[in-house]
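# Summary of structural features
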Amino acid sequence: MEFETIVFYALAVATVIPAFGVMMAKDIVRVAFWLLASLSGVAGLFIMLDADFLGVTQVLVYIGGILVLILFGIMMTHRDPVLVSADDDRRRSPFTGLLVSLMTFGALMGVILGTGWNVSGGLANGKLSGEPTAAPLGKALLTDYVLPFEIVSVLLLVVLCGAAYIARRGKDEEASNA
Amino acid sequence: MMDAAYFTRARELIGESMGGFAPELVLSLLVIVLLMHDLFTRGARPERAAAIAGIGLVICGALLWMQSTEPPTAGHLEGSHEIFGWLTGDGNHMGMLAIDAFAKFFKAFVLLGTLVTIPMCLVHPAFANRRMGEFYALLVAATLGMFLMASATNLLMVYMGIEFASMASYLAVAFVKRDRKGSEAGLKYVIYGSVASGIMIYGLSLIYGMTGSLHISDLANADVTGAQGSALAVAGVLAFAGFAYKMAAFPMHFWCPDVYEGSPVPFTAYLSVTSKAAGFAVFIRFMMGFGDGALTVGEGDGAYSVAFGWQGLVAGAAALSMTVGNLAALWQTNLKRLLAYSSIAHAGYLLMGVAAFSEGGGAEQYAPVLFYFVAYFFMNLGAFFVVTLVAARTGSEDIAGYRGLITRAPFLCVCLVFCLVSLLGIPPTMGFIGKLELFKLVIDRGLVWLAVVAGINTAVSAYYYFKIVKAMCLDAAEDEAPVRVHASSMALVGLLSLPILIFGILPGHLYEFTRQFGLF
C-alpha cells in the first residue's frame, strides 16, 4: 500500500469515528470535543487533497472559532454543563432512524460510487503537486470571484449588525418593561 | 494564467460589469445609510428612516428601469448579458449574474413589493415610536439578496443569493423583541432554513462534482463521463430542497405557517410575495439550465443521454403543495396562518406552470407564470395590508375579529373581498385569468392530471376563502365601533385592489407585457 493511501485511511477513520461520537454522546461538552477530533480530521483530509489553504481555514474557523464558541455558549448558558440532553425520548424507536439513515447512506453511496466524477484538477494524474494554493486563491478572489467575495462582506455586515441588535437590550424595551 | 494581461482583462471586465450592477450597488449603499441613520439620530424617527429607505428604493428602481439588457460591447459577452466572472479561452463569458428581461421582471417585482411594505411598517403598532433604521436595513438587505437570486447564473451566486435573503429575513422576523411568538418564529426559520440550505449545498456540490463547472449553462452541455441518471436525480432532488424552501413549497413548507404567524405582519406580507418570487426566479433559471434534461454521458459510440425528470419532480411537488396547503388551511382561524397555508397552495399553482416548461417552449410558456405572479402581488399584498390595518386597530388577527367588518370598515372589507375572490380565482378578477392561463398551459403540455388536481384544490379552497367573506359580510359584529383608518392607507389598499378588477376584466395588455420577460 502506498504511503498516501495509508494516510488517507488514517485520516478518514479519524474523521468518521469521532463523528459517531458526536452523534452518540449525551453530554454536550463531550460532543464538542468529539467535534474537535472530527473537524481536525477533515482539515487533514483537505491538506492531503492539496487544499492547504482550505485546511488551515478549517482549523481557524471551525476549530478556533465555532468550537470555542460552542464551549463558551455552554459555559455561559448552563450552570451545570455536564447534563444537557436529559430528555431521552424512549417512545421513538431507534430503528426508524436507523432505517432512514441506512437508506440515505445507500442512495448516497450509489451516487458516489456510480458516478464518474469530473476530476480535471490537480489529483487527476494521481500526484500531489505540493504547491501552496493561497496565492492563486487570493488572485481569483479579486478577479474572477470578486463579486461573491464582496457580497460576502456586505452579508457579514448585515448579519453582524442584526446579531448585535438581537442580542442587545434596547432602552425602549427596558422602559416599556419597567 | 495569472499574468499581467490576465489582470488587465479582469479589471476591464469588472469595470464593464459595474454598469449592470448599479441597482444592487444602490441597495448595498442604502443598507449602510440606514444603519448609519440610527447611529446619528436622537430618539425614534421611524418616518425618516422609512423615507430614506423609500427614496433609496426609488433610485434603485430608476436605475433598474434604465438598465439595458443588451450586452455593452459586441463579441465580449456573447448573446446574453452577464456580468462579473471571467472569459474563457474561447471567448465565452462565464458570468456571475445575468442582466436579462427575466431578471429585470423579478427584480422590479421584489422592489415594488419592498416599496409597498414600507407604508405597512408605518401603520404597524409594534413599529411605532422606535428606531426603525435597522429594520429597514434588514428589509433592504433581504431585497438585495433577492436581486442576486433573480440574476444568479453561477451556482455559487445562487447559494449566496439565497443565503443573503434568508439571513436578513431571519433577523427581521425576530425583530420585535420580547415577543415570544416572534422569537420562536425567528428560531424556527433559522433552523429549518439551515437544514434546507445544508441539503441544497450538498446537492449542488454533487452537481459540481459531475459537471466540473459552477455555471448554470454548463448544467446542460457538460460532458459527464460515466454519470448515471440516478446520481443526477439525487443531486437535483437535494438541490430542490433549498429552492422549495424559498418558494414555501412542499416538502419544505413546514416553516411557513409559524413564521408567517410570528413575524410582524408587514414583514409577513413582504416574505409571502417577494421571497416566493425570488425563489421561483432562481429555480426556473436553474431548472432551465438543465435543458430538457439530457446530459450526454460517455464518449464516442458508448455515449448515451441521461434524462433528468424535472417535470415529474416539479409536478409532484406542485400537486402536493396545493393539496397540503389547501387542506391545512381549512381548519385555520388565524388569518395570518390561513394566508400562510394559502400561500403554500399558491406555490403549488405556480409550480404547476413551471412543471409545464420545456426547453423549446419559447416566451409563451413563461407568460402564464409571470402573469400569475403579478396577480399574486396585488391580491396577497392587498389582503395582508387590510390584515395589518385591521390588526392595528382591533388587535385581532382572528377570523372572529372580522365579523361584521362590512359595517365597521366598508371600504377595507370590499377590498379584502376582492383580494380573497381573486386568490380563490373566480371571475371577474385577475386571479381567475391567471389561473385560466396556467390551466391552459398545463393542459397544452399534456399534464391533464395536474390540472384536475388543481381544479379540485380550487374548489376546496373556496370553503376557507368564503369563510372569511361570510364572517365579514353576513355575521353580526360584536363591536360596532367603526375601524378608522388614515386616508392614505385606504388609498394604498384601493391602489392594490383596483388592478385586480381592472386586469381581471381587461387582461390583454398586461398579458402581452409579461410575455417579453421570458427566459430565452
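Residues numbered from 1 in each chain as written. Chains lettered and ligands numbered in written order. Predicted model: local features only at pLDDT ≥ 70, side-chain atom pairs only at ≥ 80, totals over all residues. Heavy atoms only, no water.

### Some remarks on the overall build of chain A
- Of regular secondary structure, chain A possesses 7 helices and 0 strands.
- Reading the helices (α) and strands (β) of chain A from amino to carboxyl end gives α-α-α-α-α-α-α.
- For chain A, with 178 residues in total, the buried portion stands at 21%.
- Sequence separation of at least 24 residues holds for 62% of the intrachain contacts in chain A that already meet a minimum separation of 6.
- In the structure as shown, chain A presents an accessible area of about 12400 Å², 72% of it carried by carbon and sulfur atoms. (Helix = DSSP H or I, 4+ residues; strand = E, 2+ residues; numbered from the N terminus. Buried < 20%, exposed > 50% of the residue type's maximum accessible area, 1.4 Å probe, protein only. Contact = heavy atoms within 4.5 Å. Areas by Shrake-Rupley, 256 points an atom, 1.4 Å probe, with all protein chains shown as cover.)

### Topic: the nonpolar core
All names here are of chain B.
- With 202 residues, the main nonpolar core has Tyr-136, Phe-243, Phe-283, Phe-286, Leu-351, Val-354 and Leu-450 as its most contacted residues.
- Residue contributions to this core peak at 21 residues, all from helix 13 (residues 366–394).
- Apart from residues no more than four positions distant in its own chain, Phe-286 is found in contact with Leu-155, Leu-204, Ile-207, Ile-216, Leu-219, Ala-239, Phe-243 and Trp-310. (Core = buried A, V, L, I, M, F, W, Y, C linked by side-chain atoms within 4.5 Å.)

### Description of the interface of chain A and chain B
- On the chain B side, the residues contacting the 36 residues of chain A number 43 residues.
- Per-residue buried area on chain A facing chain B is highest for Asp-144, Leu-147 and Tyr-165 of chain A; these three make up 18% of the total on that side.
- Where chain A packs against chain B, one counts 0 salt bridges.
- Sorting the residues of the side of chain A that touches chain B by element identifies helix 4 (94–114), helix 5 (134–142), helix 6 (146–167) and helix 7 (171–177) of chain A as the ones contributing at least two each.
- Broken down by element, the side of chain A that touches chain B gets its largest block of residues, 15 residues, from helix 6 of chain A.
- By residue class, the composition of the side of chain A that touches chain B is 22 nonpolar, 8 polar and 6 charged. (Buried area = accessible area lost by both parts, 1.4 Å probe. Salt bridge = Lys/Arg side-chain N within 4 Å of Asp/Glu carboxyl O. Nonpolar A, V, L, I, M, F, W, Y, C, P; charged D, E, K, R; others polar.)

### A word on the packing of helix 12 (residues 335–355) of chain B against helix 16 (residues 430–444) of chain B
Residue and element names in this part refer to chain B.
- Remark: helix 12 packs on helix 16, axes separated minimally by 8 Å, with the N-to-C direction vectors making an angle of 40 degrees. Classified by chirality, the crossing of helix 16 by helix 12 is left-handed. Contact with helix 12, carried on its side by Tyr-349, Met-352 and Gly-353, involves Lys-435, Leu-438, Phe-439, Leu-441 and Val-442 of helix 16 and no other residues of that element.
- Tallied by class, the residues present in the contact of helix 12 with helix 16 amount to 6 nonpolar, 1 polar and 1 charged. (Axes fitted to C-alpha atoms, helices over the stretch in contact; angles between N-to-C directions. Left-handed = near helix turned anticlockwise from the far one by under 90°.)

### Topic: the packing of helix 3 (residues 101–123) of chain B against helix 4 (residues 133–151) of chain B
Residue and element names in this part refer to chain B.
- Close contact between helix 3 and helix 4 brings their axes to 9 Å; oriented N to C, the two are set at 165 degrees. By the angle class used here, helix 3 and helix 4 are roughly antiparallel. As for the relative orientation of helix 3 and helix 4, their crossing is right-handed in sense. Packed against helix 3, whose contacting residues are Ala-103, Phe-106, Lys-107, Val-110, Leu-111, Thr-114, Thr-117, Ile-118, Cys-121 and Leu-122, the element helix 4 presents Phe-135, Tyr-136, Leu-139, Thr-143, Met-146, Phe-147, Ala-150 and Ser-151 at the interface.
- Split by residue class, the contact of helix 3 with helix 4 holds 13 nonpolar, 4 polar and 1 charged. (Parallel < 35°, antiparallel > 145°, perpendicular 65-115°, else oblique.)

### Focus on empty space enclosed by the protein
- Evaluation of the coordinates by the stated rule reveals 3 cavities of 30 Å³ or more.
- For the largest cavity, the full set of lining residues is Val-158, Cys-161, Gly-162 and Tyr-165 of chain A together with Val-31, Leu-35, Glu-134, Ala-137 and Leu-138 of chain B.
- Of all the secondary structure elements, the ones that give two or more residues to the lining of the largest cavity are helix 6 of chain A together with helix 1 (4–39) and helix 4 of chain B.
- Sort the elements by how many residues they give to the lining of the largest cavity and helix 6 of chain A lands first, with 4 residues. (1 Å grid on protein atoms, 1.4 Å probe; cavity = no way out; pocket = protein on both sides within 12 Å on 5 of 7 lines; lining within 4 Å. Points joined across faces, edges and corners; volume = space filled by probe spheres on them.)

### Re unusual backbone geometry
Residue and element names in this part refer to chain B.
- Each neighbour pair has its own omega, and for Phe-250 with Pro-251 the value is 5 degrees, a cis peptide bond.
- For Pro-251, the location among the structural elements is in the loop between helix 8 (229–247) and helix 9 (255–262).
- With an omega dihedral of 5 degrees, the bond running from Pro-427 to Pro-428 counts as a cis peptide bond.
- Inspection of the secondary structure puts Pro-428 in the loop between helix 15 (410–424) and helix 16.
- The backbone of Ala-248 shows a phi angle near 55 degrees, a positive value even though the residue is not glycine.
- On the basis of relative accessible area, Ala-248 is assigned to the buried category, the value being 1%.

### Quick notes on the side chain of Ser-38 of chain A
Residue and element names in this part refer to chain A.
- Position of Ser-38 among the secondary structure elements: in helix 2 (residues 28–48).
- The buried category is assigned to Ser-38, whose relative accessible area is 10%.
- A distance of 3.0 Å separates the side chain of Ser-38 from the backbone oxygen of Thr-15, its partner in a polar contact.
- Apart from residues lying up to four places away in sequence, Ser-38 is in contact with Ala-14, Thr-15, Pro-18 and Ala-19. (Polar contact = N/O pair within 3.5 Å; in protein donor to acceptor, adjacent residues only side chain to side chain.)

### Description of the packing of aromatic side chains
Residue and element names in this part refer to chain B.
- This model, assessed by the stated rule, comprises 32 aromatic pairs over all chains.
- Geometrically, the ring pair formed by Tyr-170 and Tyr-189 is edge-to-face, given 5.0 Å between the ring centres and 80 degrees between the ring planes. With Tyr-170 in helix 5 (residues 155–173) and Tyr-189 in helix 6 (residues 180–211), the pair connects residues that are 19 residues apart, well separated along the chain. The pair formed by Tyr-170 and Tyr-189 is uniform in burial state, with each residue classed as buried.
- The interplanar angle of 50 degrees and the centroid separation of 5.5 Å between the aromatic rings of Phe-243 and Phe-283 together place this pair among those described as tilted. Placement of Phe-243 in helix 8 and of Phe-283 in helix 10 (residues 265–289) is noted, with a sequence separation of 40 residues between them. For the pair Phe-243 and Phe-283, one class covers both residues: buried.
- An aromatic cluster is present here, built from Phe-102, Phe-105, Phe-106, Phe-109, Phe-280, Phe-357, Tyr-366, Phe-373, Phe-377, Phe-378, Phe-513 and Phe-517 joined pairwise through their rings.
- In this structure, Lys-435 packs its charged tip against the face of Tyr-349, placed 4.1 Å from the ring centre. (Phe/Tyr/Trp six-rings, centres within 6.5 Å; stacked < 30°, edge-to-face > 60°. Lys NZ or Arg CZ within 6 Å of the ring centre and 35° of its normal.)

### Let's talk about the confidence of the model for chain A
All names here are of chain A.
- With 78% of its residues at a pLDDT of 70 or more, chain A shows a mean pLDDT of 79.
- Confidence drops under pLDDT 50 across residues 122–126; counting only partners more than four residues distant or on other chains, this segment forms 5 contacts.
- Note on residues 174–178: pLDDT is under 50 here. Beyond four places in sequence and across chains, it has 2 contacts. (pLDDT = per-residue confidence, 0-100.)

### A closer look at the confidence of the model for chain B
- Per-residue confidence for chain B gives a mean pLDDT of 85; residues scoring 70 or more make up 90%.
- As a predicted assembly, this complex carries a pTM of 0.89 together with an ipTM value of 0.86.

### Topic: helix 19 (residues 508–515) of chain B
Residue and element names in this part refer to chain B.
- Every buried residue of helix 19 is listed here: Leu-510, Tyr-511 and Thr-514. Viewed end-on, helix 19 has its buried residues packed into an arc of 100 degrees, placing them on one side of the element.
- Those residues of helix 19 that are buried are in contact with helix 3, helix 13, helix 16 and helix 18 (487–505). (Arc of directions from axis to C-beta.)

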